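A closer look at the structure
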Amino acid sequence: MNKTPLYLAVSSLALLATTPLHAEEANNLSDWFKNGEPGIDFRYRLETADQDGLPLNSTASTLLTKLHYRTASMGGFSGYVEFANVTVVGKETYNDTTNGRVRRPVIADPEGTEVSQAYLAYKMNDVTLKAGRQGFNLDNQRFIGMVAFRQNDQTYDSASLTYAPSKDVNAFYSYVWNVNRIFGDDSPKGDLDSNLHIANVAYSGSSLGKLSAYAYLLDFNDPGALGLSSATYGVRFAGKQAATETLDVAYTLEYARQTDYKDNPADFSADYMTGELFLSAAGFTGGVAYEKLGSDNGVAFQTPLATLHKFNGWADKFLSTPATGLEDFNVSLAYRVPGNSALAGTLFKAIYHDFTSDVGDINYGDEWGFLISKKLNKTFTASAKAAFYSAEDFATDTTRFWFTLGASF
């Protein structure tokens, strides 16, 4: 068994015992390191997958260990470094995309140790600059995210600029030359050599909600990823209002247009749109949502840098949009237990998806998802989740279960 998690745990606990809990302003290089803020996170996950068409099931028992350290600030400069290790606990009875167990369903949590983030930051008045390996999530992560659900984060080797002249305005730009994907350094799919321009401007000064506009210009250099090169321009509006003293209404509208870009051999122009409406009262939240990823000239709208597990069903059948596009109509109901009982704060959620094509009138299938999660205390969180995908004309029946226990120090 890989002993790296134990080593990281012991080292980090020693660091925690000798370092201030919060980063402070430093007067010299020694204090820049000494007065920093360390931390350690653990996440154990048991995930199972049963997929029709494959002779064996998958069971992944993995432990994620993260050790991170943020220096103090000195003259506006600070640094951040994060090491991540994923270790299999028990037998490796799943297809992690690199171990050759192709007779089992994919659970994309390969073993490995890597530097997940390491960057230098400089803050001056309203401007923050960062250079190095960094993670960032934009809006709801539909286009740009860190894929934090998986054990290995997606991060970006990049230089970024954030301009925040007020609490209501935030402008972000990043140039990315490499994408560190969730598959890890040992996978041929673990890195995407790229020339990406990522821009997002948000205004939240309206009482009605937050307005975002974005431009994502994705130019991938790897031959196998040329088809993902695209230019996407869009606008998003999301807000929440108190309809009555006991009823809240939340809503989202978003539209984007995507075309081929740079060396993409395809010729297409496809639309993305989504609309959401949620009502909340007495701990309950019910909602209805519609999302469309269009198709043009046999090519569908793709979001290769998204936190994809959040969208289009937890069974992960639509991580790549089918060539005929995708329409996802879903309804959900959630309840968070109020009060001070032992169950207070526990979230129960159920969601149903109906999947069809954008062109061709194809009924792909449907899916039920169920979630129970609870923050046990300041340190520990736990969750259990299940997804049941029933195929019609796309993919095969798939059932997945998850149990997760996390801890942050």
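Our structure's up above, just so we're on the same page.
None of the values given here were measured: they were computed from a predicted structure.

Observations regarding the side chain of Ser332
Mapping Ser332 onto the fold places it in strand β16 (residues 326-336). Here Ser332 falls in the buried class, since its relative accessible area comes to 14%. In this view, Ser332 contacts Phe278, Thr285, Gly286, Gly287, Lys349, Ala350 and Ile351; residues no more than four positions away in its chain are not counted.

Some words on the packing of aromatic side chains
What characterises a pair of aromatic rings is the spacing of the ring centres plus the angle enclosed by the ring planes. Within the structure shown, the criterion is met by 27 aromatic pairs. When the ring of Phe42 is compared with that of Phe409, the centres are 6.3 Å apart and the planes differ by 80 degrees; the resulting orientation is edge-to-face. With Phe42 in strand β1 (residues 37-51) and Phe409 in the segment after β20 (398-408), this pair connects stretches of sequence that are 367 residues apart. Taking 5.7 Å as the distance between ring centres and 40 degrees as the angle between the ring planes, the aromatic pair formed by Phe318 and Tyr364 counts as tilted. With a gap of 46 residues between them, Phe318 in the loop between β15 (299-300) and β16 and Tyr364 in strand β18 (residues 363-375) connect regions that are remote in the sequence.

Observations regarding the pattern of salt bridges
In this structure the tally under the stated criterion is 11 salt bridges. In this structure, Asp109 and Arg150 form a salt bridge, with 2.7 Å as the shortest nitrogen-oxygen distance. With a gap of 41 residues between them, Asp109 in the loop between β3 (77-88) and β4 (112-124) and Arg150 in the loop between β5 (127-134) and β6 (155-166) connect regions that are remote in the sequence. In this structure, the salt-bridge partner of Asp157 is Arg133, at a minimum N-O distance of 2.8 Å.

Procedures and definitions
Residues numbered from 1 in each chain as written. Predicted model: local features only at pLDDT ≥ 70, side-chain atom pairs only at ≥ 80, totals over all residues. Heavy atoms only, no water. Helix = DSSP H or I, 4+ residues; strand = E, 2+ residues; numbered from the N terminus. Buried < 20%, exposed > 50% of the residue type's maximum accessible area, 1.4 Å probe, protein only. Contact = heavy atoms within 4.5 Å. Phe/Tyr/Trp six-rings, centres within 6.5 Å; stacked < 30°, edge-to-face > 60°. Salt bridge = Lys/Arg side-chain N within 4 Å of Asp/Glu carboxyl O.

Nothing here speaks to function; it is geometry throughout.
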